[in-house]
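# Fold and contact review
Given next are the chains, with one letter for each unit.
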Amino acid sequence: MVGGHGVDHVQDIIALGPRIARFLDIDILEYRAAAWLHNIDRCGLLERKVKSAGGIKPYIIGVGLAEEFFDLQARERIAEAVARPSERNDAPDFSDLLMALRIADKVVRLVPKNFLDGFAHWAHTQKFDPEHPFDYRKGSDSLWRRFMWNLEWIGMLPSDEARELIDVKELRVFGVWISCKAGVPNTAENEIKKAAGKYY
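Being a predicted model, the structure only gives us computed values, none of them experimental.

Orientation of helix H5 (residues 72-83) relative to helix H6 (residues 96-109), taken along the N-to-C sense of each, is 35 degrees, at an axis distance of 8 Å. Between H5 and H6 lies a crossing of right-handed hand. In this structure, H5 contributes Arg77, Ile78, Glu80, Ala81 and Val82 to the contact, and H6 contributes Leu97, Leu98 and Leu101. Residue classes in the contact of H5 with H6 are distributed as 6 nonpolar, no polar and 2 charged.

A separate point is the nonpolar core. Ranked by size, the top nonpolar core spans 54 residues in total, and within it Ile20, Tyr31, Ile78, Trp144 and Leu151 carry the most contacts. Elements that contribute at least two residues to this core include exactly helix H1 (7-20), helix H2 (28-37), helix H4 (56-64), H5, H6, helix H9 (143-151), helix H11 (173-182) and helix H12 (188-196). For this core, the leading source of residues is H6, giving 9 residues. With residues up to four places along the chain from it excluded, the contact list for Trp144 reads Lys127, Phe128, Pro133, Phe134, Tyr136, Phe174, Gly175, Ile178, Ala188 and Glu191.

Time to look at H12. Every buried residue of H12 is listed here: Ala188, Glu191, Ile192, Ala195 and Ala196. When H12 is viewed along its axis, its buried side chains cluster within an angular range of 125 degrees and face the same direction. Buried residues belonging to H12 abut H9 and H11.

The rules behind the values
Just so you know, the residues in each chain are numbered from 1, in the order the chain's sequence is written. The model is predicted, so local features are restricted to residues of pLDDT at least 70 and side-chain atom pairs to those at 80 or more, both for listing and for counting; the totals for chains, interfaces and linings are taken over all residues. By convention in this description, side-chain values take in all heavy atoms of the structure and omit both hydrogens and water. Only the contacting stretch of a helix is used when fitting its axis, a line to C-alpha atoms as for every element, and angles between N-to-C directions run 0 to 180 degrees. Only DSSP runs of H or I with at least four residues qualify as helices, and only runs of E with at least two residues qualify as strands; both kinds are numbered from the N terminus onward. Working rule for handedness: look at the near helix, and if it is turned counterclockwise from the far one by less than a right angle, call the crossing left-handed; if clockwise, right-handed. We call two residues in contact whenever any of their non-hydrogen atoms come within 4.5 Å of each other. Asp, Glu, Lys and Arg are counted as charged, while Ala, Val, Leu, Ile, Met, Phe, Trp, Tyr, Cys and Pro are counted as nonpolar; the rest, among them Gly, fall into the polar class. As used in this record, nonpolar core signifies buried Ala, Val, Leu, Ile, Met, Phe, Trp, Tyr and Cys residues forming a set joined through side-chain atoms within 4.5 Å. For each residue, the accessible area found with a 1.4 Å probe, counting protein chains only, is set against the maximum for its type, and the residue is called buried under 20%, exposed over 50%, and partly exposed in between. The arc in question is the one traced by the directions running from the helix axis out to the C-beta atoms.

Here it is in structure tokens:
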């Protein structure tokens, strides 16, 4: 897996499962399976098998999950959750399992440990704009700007319960780093408030 879609990412998603199960009706075993499979189309070892099976859903329903652990309905729920997490907006027909996976995928991206993976995956991208270290709306492309865009996902989360999964204190870590590197006052808090809006 590439681009921050590796084992750590999956394990972080799985770790959120019990907390999400407090407000969504999900089976934890199905959730764990969906978490492991949710970037299956980006796995070089399985990409060809998924394609030859006719796509993500046929692969998971047909050969991707053992029948002794998951009946057909469970495999269909997992396949649906795995096939649709990247759709931009939530839809009324989304199952709780799909909603859980979408929530977790967004929330873990807001943890600096995961975001800072970008330092390796986007080595060509500047960490911050030297002219506008913190003002992501004025600055040119940078990891800080992308981080701020990710923060706008807070408003896209479907409920207050989902937003409570975010550790607000961790959002400030990148700002401390930029302040030290750029030699400027840390105004990250103001930018985080702009990006997160009324939900911060």
